[in-house]
Amino acid sequence: MAHCLEKPNTDFLICIKQSRSAMREVAKLPLCELDCDIGFTITTTQTNEDKQNGYIHLQVPKKSKAGSKTRRGRWDFPSPYPMKLRVCRFLLDNGEFETVATSLPPSFTLADIRELYHLRWGIETAFRDWKYTLGLVNLHGKSDAFAEQEIYASLTAFNFASRVCNEVVARQPKNGVYAYKVNFKMAVMLCKEFLRTPRADSEKLLEKIARHTVPIRPNRQDERNLKVKGFAGFVYRVAA
(Lines give C-alpha, C1' and ligand atoms only; values in the text may rest on other atoms or scores of the structure.)
Protein backbone atom coordinates (compact mmCIF):
# COMPACT_ATOMS: atom_id res chain seq x y z
CA MET A 1 0.00 0.00 0.00
CA ALA A 2 2.83 2.41 0.80
CA HIS A 3 4.40 1.79 -2.60
CA CYS A 4 1.08 2.54 -4.32
CA LEU A 5 0.58 5.69 -2.24
CA GLU A 6 4.04 6.97 -3.14
CA LYS A 7 3.67 6.22 -6.87
CA PRO A 8 2.08 9.14 -8.77
CA ASN A 9 -1.16 8.65 -10.71
CA THR A 10 -1.76 5.27 -9.05
CA ASP A 11 -4.76 4.18 -6.99
CA PHE A 12 -5.53 0.84 -5.37
CA LEU A 13 -8.50 -1.13 -4.06
CA ILE A 14 -7.44 -3.97 -1.75
CA CYS A 15 -9.57 -6.37 0.28
CA ILE A 16 -8.44 -6.36 3.93
CA LYS A 17 -9.25 -8.36 7.04
CA GLN A 18 -12.02 -7.17 9.34
CA SER A 19 -11.68 -9.62 12.24
CA ARG A 20 -9.40 -9.50 15.28
CA SER A 21 -6.41 -10.20 13.06
CA ALA A 22 -7.11 -7.03 11.05
CA MET A 23 -5.22 -3.77 11.37
CA ARG A 24 -5.78 -2.20 14.75
CA GLU A 25 -7.63 0.82 13.34
CA VAL A 26 -9.89 -1.42 11.21
CA ALA A 27 -10.69 -3.84 14.05
CA LYS A 28 -12.04 -0.93 16.10
CA LEU A 29 -14.61 0.04 13.46
CA PRO A 30 -18.22 -1.13 13.89
CA LEU A 31 -19.35 -4.09 11.77
CA CYS A 32 -21.72 -2.19 9.47
CA GLU A 33 -21.61 -0.38 6.16
CA LEU A 34 -19.25 2.57 6.42
CA ASP A 35 -16.97 4.88 4.50
CA CYS A 36 -14.30 6.61 6.56
CA ASP A 37 -10.64 7.63 6.62
CA ILE A 38 -8.09 6.17 9.01
CA GLY A 39 -4.53 7.17 9.76
CA PHE A 40 -1.62 5.59 11.58
CA THR A 41 2.16 5.78 11.72
CA ILE A 42 4.53 2.92 10.96
CA THR A 43 7.96 2.71 12.54
CA THR A 44 10.81 0.23 12.42
CA THR A 45 12.13 1.19 15.86
CA GLN A 46 10.81 0.65 19.38
CA THR A 47 11.83 3.75 21.28
CA ASN A 48 9.91 5.11 24.24
CA GLU A 49 8.67 7.96 22.05
CA ASP A 50 7.34 5.48 19.49
CA LYS A 51 5.45 3.60 22.19
CA GLN A 52 4.02 6.76 23.75
CA ASN A 53 2.76 7.99 20.38
CA GLY A 54 1.13 4.63 19.64
CA TYR A 55 3.14 3.97 16.48
CA ILE A 56 2.77 0.58 14.77
CA HIS A 57 6.05 -1.31 14.95
CA LEU A 58 7.10 -3.19 11.81
CA GLN A 59 9.56 -6.00 12.38
CA VAL A 60 12.36 -5.66 9.82
CA PRO A 61 15.52 -7.82 9.70
CA LYS A 62 18.70 -5.93 10.54
CA LYS A 63 20.54 -7.24 7.49
CA SER A 64 17.93 -6.23 4.93
CA LYS A 65 20.09 -4.36 2.44
CA ALA A 66 18.80 -3.65 -1.05
CA GLY A 67 19.64 -6.53 -3.39
CA SER A 68 20.61 -8.97 -0.64
CA LYS A 69 17.12 -10.42 -0.14
CA THR A 70 13.69 -10.11 -1.64
CA ARG A 71 11.57 -7.12 -0.62
CA ARG A 72 9.41 -9.20 1.68
CA GLY A 73 11.71 -8.47 4.61
CA ARG A 74 12.40 -4.80 3.87
CA TRP A 75 10.77 -1.45 4.55
CA ASP A 76 11.62 0.97 1.75
CA PHE A 77 10.37 4.17 3.39
CA PRO A 78 11.43 6.48 6.25
CA SER A 79 10.67 5.69 9.87
CA PRO A 80 8.33 6.91 11.26
CA TYR A 81 6.07 6.86 8.20
CA PRO A 82 2.51 8.31 8.34
CA MET A 83 -0.09 6.44 6.30
CA LYS A 84 -3.66 7.45 5.53
CA LEU A 85 -6.22 5.10 3.99
CA ARG A 86 -9.87 5.21 3.06
CA VAL A 87 -11.74 2.22 4.46
CA CYS A 88 -15.04 1.14 2.91
CA ARG A 89 -17.30 -1.63 4.18
CA PHE A 90 -20.36 -2.82 2.30
CA LEU A 91 -22.84 -5.69 2.43
CA LEU A 92 -22.55 -8.50 -0.13
CA ASP A 93 -25.43 -10.40 -1.68
CA ASN A 94 -24.74 -13.38 0.61
CA GLY A 95 -25.35 -11.27 3.73
CA GLU A 96 -21.69 -10.89 4.69
CA PHE A 97 -19.67 -7.70 4.96
CA GLU A 98 -16.58 -7.01 2.89
CA THR A 99 -13.96 -4.44 3.88
CA VAL A 100 -11.60 -2.78 1.42
CA ALA A 101 -8.85 -0.20 1.72
CA THR A 102 -8.46 2.25 -1.12
CA SER A 103 -6.79 5.47 -2.14
CA LEU A 104 -9.66 6.56 -4.40
CA PRO A 105 -11.07 10.06 -3.70
CA PRO A 106 -14.55 10.70 -2.22
CA SER A 107 -15.89 11.28 -5.74
CA PHE A 108 -16.11 7.48 -5.90
CA THR A 109 -19.17 6.64 -3.82
CA LEU A 110 -19.63 3.50 -1.76
CA ALA A 111 -21.74 2.05 -4.60
CA ASP A 112 -18.87 2.74 -7.02
CA ILE A 113 -16.39 1.04 -4.69
CA ARG A 114 -18.63 -2.01 -4.47
CA GLU A 115 -18.91 -2.22 -8.26
CA LEU A 116 -15.14 -1.91 -8.64
CA TYR A 117 -14.67 -4.66 -6.07
CA HIS A 118 -16.95 -6.89 -8.15
CA LEU A 119 -15.05 -6.11 -11.36
CA ARG A 120 -11.74 -7.15 -9.83
CA TRP A 121 -12.77 -10.83 -9.97
CA GLY A 122 -11.25 -11.26 -13.43
CA ILE A 123 -7.94 -10.01 -12.05
CA GLU A 124 -8.21 -12.42 -9.11
CA THR A 125 -8.72 -15.42 -11.40
CA ALA A 126 -5.81 -14.31 -13.61
CA PHE A 127 -3.51 -14.09 -10.58
CA ARG A 128 -4.75 -17.52 -9.43
CA ASP A 129 -3.80 -19.08 -12.78
CA TRP A 130 -0.51 -17.22 -12.80
CA LYS A 131 0.33 -18.34 -9.26
CA TYR A 132 -0.78 -21.97 -9.23
CA THR A 133 -0.96 -23.08 -12.88
CA LEU A 134 2.39 -21.49 -13.77
CA GLY A 135 3.99 -22.64 -10.50
CA LEU A 136 4.71 -19.28 -8.93
CA VAL A 137 3.68 -20.22 -5.40
CA ASN A 138 7.30 -20.25 -4.22
CA LEU A 139 10.19 -18.25 -5.63
CA HIS A 140 13.43 -20.16 -6.06
CA GLY A 141 15.77 -17.18 -6.02
CA LYS A 142 16.89 -15.22 -2.98
CA SER A 143 18.01 -11.95 -4.57
CA ASP A 144 15.73 -9.37 -6.15
CA ALA A 145 17.22 -10.01 -9.59
CA PHE A 146 16.51 -13.75 -9.54
CA ALA A 147 13.01 -13.23 -8.15
CA GLU A 148 12.26 -10.66 -10.84
CA GLN A 149 13.62 -12.99 -13.51
CA GLU A 150 11.39 -15.85 -12.38
CA ILE A 151 8.31 -13.62 -12.20
CA TYR A 152 8.82 -12.26 -15.71
CA ALA A 153 9.49 -15.75 -17.09
CA SER A 154 6.20 -17.01 -15.62
CA LEU A 155 4.39 -13.92 -16.86
CA THR A 156 5.74 -14.50 -20.38
CA ALA A 157 4.55 -18.12 -20.33
CA PHE A 158 1.16 -16.97 -18.99
CA ASN A 159 0.73 -14.41 -21.76
CA PHE A 160 1.78 -16.92 -24.41
CA ALA A 161 -0.70 -19.55 -23.21
CA SER A 162 -3.48 -16.95 -22.92
CA ARG A 163 -2.82 -15.73 -26.46
CA VAL A 164 -2.92 -19.30 -27.78
CA CYS A 165 -6.18 -20.04 -25.93
CA ASN A 166 -7.79 -17.03 -27.60
CA GLU A 167 -7.21 -18.72 -30.96
CA VAL A 168 -8.82 -22.01 -29.89
CA VAL A 169 -12.48 -22.62 -30.68
CA ALA A 170 -14.04 -24.63 -27.85
CA ARG A 171 -16.58 -27.17 -29.03
CA GLN A 172 -20.02 -26.64 -27.52
CA PRO A 173 -22.45 -29.55 -26.86
CA LYS A 174 -25.76 -29.44 -28.71
CA ASN A 175 -27.98 -30.13 -25.70
CA GLY A 176 -25.63 -29.13 -22.89
CA VAL A 177 -26.64 -27.20 -19.79
CA TYR A 178 -23.50 -25.04 -19.71
CA ALA A 179 -21.28 -23.39 -22.26
CA TYR A 180 -17.69 -24.66 -22.34
CA LYS A 181 -14.31 -22.97 -22.44
CA VAL A 182 -10.71 -24.11 -22.77
CA ASN A 183 -9.10 -25.76 -19.75
CA PHE A 184 -6.33 -23.26 -19.09
CA LYS A 185 -4.34 -25.63 -16.89
CA MET A 186 -4.10 -28.23 -19.66
CA ALA A 187 -3.39 -25.47 -22.17
CA VAL A 188 -0.36 -24.30 -20.17
CA MET A 189 1.01 -27.84 -20.00
CA LEU A 190 0.57 -28.32 -23.76
CA CYS A 191 2.14 -24.93 -24.50
CA LYS A 192 5.19 -25.83 -22.41
CA GLU A 193 5.48 -29.11 -24.30
CA PHE A 194 5.16 -27.18 -27.57
CA LEU A 195 8.02 -24.82 -26.64
CA ARG A 196 10.27 -27.74 -25.67
CA THR A 197 9.63 -29.65 -28.91
CA PRO A 198 11.73 -28.64 -31.95
CA ARG A 199 9.71 -27.97 -35.11
CA ALA A 200 6.40 -28.49 -33.32
CA ASP A 201 3.20 -27.96 -35.32
CA SER A 202 1.13 -25.00 -34.08
CA GLU A 203 -2.06 -26.32 -35.71
CA LYS A 204 -1.77 -29.59 -33.79
CA LEU A 205 -1.26 -27.57 -30.61
CA LEU A 206 -4.59 -25.83 -31.16
CA GLU A 207 -6.28 -29.18 -31.82
CA LYS A 208 -4.90 -30.69 -28.62
CA ILE A 209 -5.97 -27.74 -26.51
CA ALA A 210 -9.48 -27.83 -28.02
CA ARG A 211 -9.94 -31.38 -26.70
CA HIS A 212 -9.74 -30.23 -23.07
CA THR A 213 -12.64 -28.02 -21.99
CA VAL A 214 -14.42 -27.16 -18.74
CA PRO A 215 -17.98 -25.87 -18.17
CA ILE A 216 -18.65 -22.21 -17.46
CA ARG A 217 -20.72 -21.85 -14.29
CA PRO A 218 -21.75 -18.19 -13.85
CA ASN A 219 -22.44 -16.73 -10.39
CA ARG A 220 -20.84 -19.74 -8.72
CA GLN A 221 -19.67 -19.11 -5.16
CA ASP A 222 -17.26 -21.20 -3.12
CA GLU A 223 -16.43 -20.74 0.53
CA ARG A 224 -12.93 -19.49 1.18
CA ASN A 225 -10.80 -22.30 2.54
CA LEU A 226 -7.97 -20.50 4.29
CA LYS A 227 -5.03 -22.69 5.25
CA VAL A 228 -1.82 -21.99 7.06
CA LYS A 229 1.00 -21.80 4.55
CA GLY A 230 3.72 -24.29 5.37
CA PHE A 231 7.45 -23.99 4.92
CA ALA A 232 8.72 -24.65 1.40
CA GLY A 233 12.09 -26.32 1.68
CA PHE A 234 14.46 -26.62 -1.27
CA VAL A 235 16.60 -29.49 -0.07
CA TYR A 236 17.69 -30.32 -3.59
CA ARG A 237 20.14 -27.42 -3.35
CA VAL A 238 22.13 -29.20 -0.65
CA ALA A 239 25.17 -30.96 -2.04
CA ALA A 240 25.36 -34.69 -1.34
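Structure shown above.
Notes on the structure in this doc start here. All of these numbers come straight from a predicted model, not from anything done at the bench. The numbering scheme is per chain: residues are counted from 1 as the chain's sequence reads. Whole-chain, interface and lining totals are the exception, using all residues; otherwise, since this is a predicted model, local features are given only for residues with pLDDT of at least 70 and side-chain atom pairs are given and counted only at 80 or more. For side-chain calculations, the full set of non-hydrogen atoms in the structure is used, while hydrogens and water are omitted.

**Quick look at the pattern of salt bridges**
We count a salt bridge whenever a side-chain nitrogen from Lys or Arg sits within 4 Å of a carboxyl oxygen from Asp or Glu. Per the counting criterion, the structure on display carries 6 salt bridges. With its nearest N and O atoms 3.9 Å apart, the salt bridge here joins Arg 128 to Asp 129. Measuring nitrogen to oxygen at the nearest pair gives 2.4 Å for the salt bridge that ties Glu 167 to Arg 163. For every residue, the accessible area obtained with a 1.4 Å probe (protein chains only) is divided by the maximum for its type, and the residue is called buried under 20%, exposed over 50%, and partly exposed between those limits. What makes Glu 167 partly exposed here is its relative accessible area of 45%.

**A short note on the environment of Phe 90**
By the element assignment, Phe 90 lies in strand E4 (residues 81-91). Under the relative-accessibility criterion, Phe 90 is labelled buried at 1%. Between the C-alpha atom of Phe 90 and that of Glu 33, which follows or precedes it by 57 residues, the distance is 4.7 Å. When neighbours within four sequence positions are excluded, Phe 90 is seen to be in contact with Glu 33, Glu 96, Phe 97, Glu 98, Val 100, Leu 110, Ile 113, Arg 114 and Tyr 117. Every helix listed is a DSSP run of H or I at least four residues long, and every strand listed is a run of E at least two residues long, numbered separately from the N terminus. Working rule for contacts: check all heavy atoms of both residues, and any pair within 4.5 Å makes them a contact.

**With respect to the environment of Tyr 132**
Mapped onto the secondary structure, Tyr 132 falls in helix H5 (residues 121-133). Sequence separation between Tyr 132 and Lys 185 is 53 residues; the distance between their C-alpha atoms is 9.2 Å.

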